[in-house]
Amino acid sequence: MTDTATPRVKPALWIGMAVFVAYAAIIFVMWTVNDVDYAGVQDSTEQAVDGVVIPVGIGAVFLIAVTTWLGWWHPVLRERRRNAPRWMLLAPLLFGLGGLLTVAGSDLGAIPASQITAILVGVALVGFAEEMAARGVLLTGVRGAYGEVMVWFVTCLMFGLLHAMNAVFGQGLGQTAVQVLMAFLFGSVFYVARRATGTIVVGMVIHALWDAGSLLSDATDSADAVGPSLGGILGPLAMILAVAALFTIFRYDLDGKKKDLAAA
């Protein structure tokens, strides 16, 4: 991997957007080819493989290839330094704990091991690929032209809109609209995680944990169990904390120095 502080190609908004849209197009095409029903991707091993593992795996390979060609690995994977107060780590911690509790509280004995494996592999790929696309490549591109308020807004907006395609593959319009809004807000958790830890990796992990909890609780009909119910509370709580943290985080530049209020 090209991992230098000086990218081969200068970061630009249009490049980040183009890569993000291309990733979304890959998922769209593969779901069309595989005739995916979004609401049922967790219902069997075959559906998890066709609906998550294969499409997102191909998208991940694309992101790895294009990031290598651009020479963007350094800015995609990490901040120049951790540049937000440590108390903000509470938001990603609560979010990851919510996902973990949902996984642990699901009745995993109710479905085959192959199905569990396919779901876990799939969500690991989703955590990697969606964070690479949004808080990695797109974020790097937006930073080539704008400040951090716009970086947060554009990455969260595009992350939210990525989920709009679910309406084409069997999900109701109302449910999709709610999911788009929630994805936009949850994007704040991943943005705060990146800045508070200095790396995109934490966001990838908690993203994968949350999706694992969502799919496994649905696959095992465990959504009303204690663990998933508590996990479902911690996720929105983390989201609220992350959104509140934005009012502080924008007062810190990317070198970790606090700006005066007027500059922020």
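Residues numbered from 1 in each chain as written. Predicted model: local features only at pLDDT ≥ 70, side-chain atom pairs only at ≥ 80, totals over all residues. Heavy atoms only, no water.

**Points about the layout of surface pockets**
Move 1: Computed from the structure, the largest pocket encloses a volume of approximately 1,200 Å³.
Move 2: Every residue lining the largest pocket is counted, 44 residues in all, and those nearest its centre are Y38, Q179, W210, D211 and S214.
Move 3: If you list the elements that add at least two residues to the lining of the largest pocket, you get α1 (13-33), α2 (45-70), α4 (90-104), α5 (113-143), α6 (148-162), α7 (173-197), α8 (201-219) and α9 (226-249).
Move 4: Looking at the lining of the largest pocket element by element, the count peaks at eight residues for α8.
Move 5: Of the residues that constitute the lining of the largest pocket, the class distribution is 24 nonpolar, 17 polar and three charged.
Move 6: Considering only enclosed or pocket space, the second largest pocket measures out at about 310 Å³ in volume.
Move 7: Along the wall of the second largest pocket there are 14 residues; nearest its centre are P75, R80, T140, R143 and L254. (1 Å grid on protein atoms, 1.4 Å probe; cavity = no way out; pocket = protein on both sides within 12 Å on 5 of 7 lines; lining within 4 Å. Points joined across faces, edges and corners; volume = space filled by probe spheres on them. Helix = DSSP H or I, 4+ residues; strand = E, 2+ residues; numbered from the N terminus. Nonpolar A, V, L, I, M, F, W, Y, C, P; charged D, E, K, R; others polar.)

**A look at the side chain of Q115**
Move 1: By the element assignment, Q115 lies in helix α5.
Move 2: Residue Q115 is classed as buried on the basis of its relative accessible area of 5%.
Move 3: In terms of polar contacts, Q115 uses its side chain to reach the backbone carbonyl oxygen of D43, at 3.4 Å.
Move 4: Other than its neighbours up to four places away in sequence, Q115 contacts Q42, D43, S44, T45 and A219. (Buried < 20%, exposed > 50% of the residue type's maximum accessible area, 1.4 Å probe, protein only. Polar contact = N/O pair within 3.5 Å; in protein donor to acceptor, adjacent residues only side chain to side chain. Contact = heavy atoms within 4.5 Å.)

**Observations regarding the packing of α4 against α9**
Move 1: Where α4 meets α9, the closest approach of the two axes is 7 Å, and the angle between their N-to-C directions is 165°. When the axis of α4 is compared with that of α9, the two are roughly antiparallel. Crossing angle aside, the handedness with which α4 passes α9 is left-handed. Residues L90, A91, L94, F95, L97, G98, L101 and T102 of α4 touch α9, and the partners they reach there are G227, P228, L230, G231, G232, L234, G235, L237, A238, L241 and A242.
Move 2: Of the residues assigned to the contact of α4 with α9, the class counts are 13 nonpolar, six polar and no charged. (Axes fitted to C-alpha atoms, helices over the stretch in contact; angles between N-to-C directions. Parallel < 35°, antiparallel > 145°, perpendicular 65-115°, else oblique. Left-handed = near helix turned anticlockwise from the far one by under 90°.)

**A few points about the nonpolar core**
Move 1: The biggest cluster of nonpolar side chains holds 75 residues, and the ones touching the most others in it are Y23, F95, Y191 and I249.
Move 2: Looking at this core, the element that brings in the most residues is α5, giving 13 residues.
Move 3: Those residues within four positions of Y191 in sequence are excluded, and the remaining contacts are R135, L139, E148, V151, W152, L246, I249 and F250. (Core = buried A, V, L, I, M, F, W, Y, C linked by side-chain atoms within 4.5 Å.)

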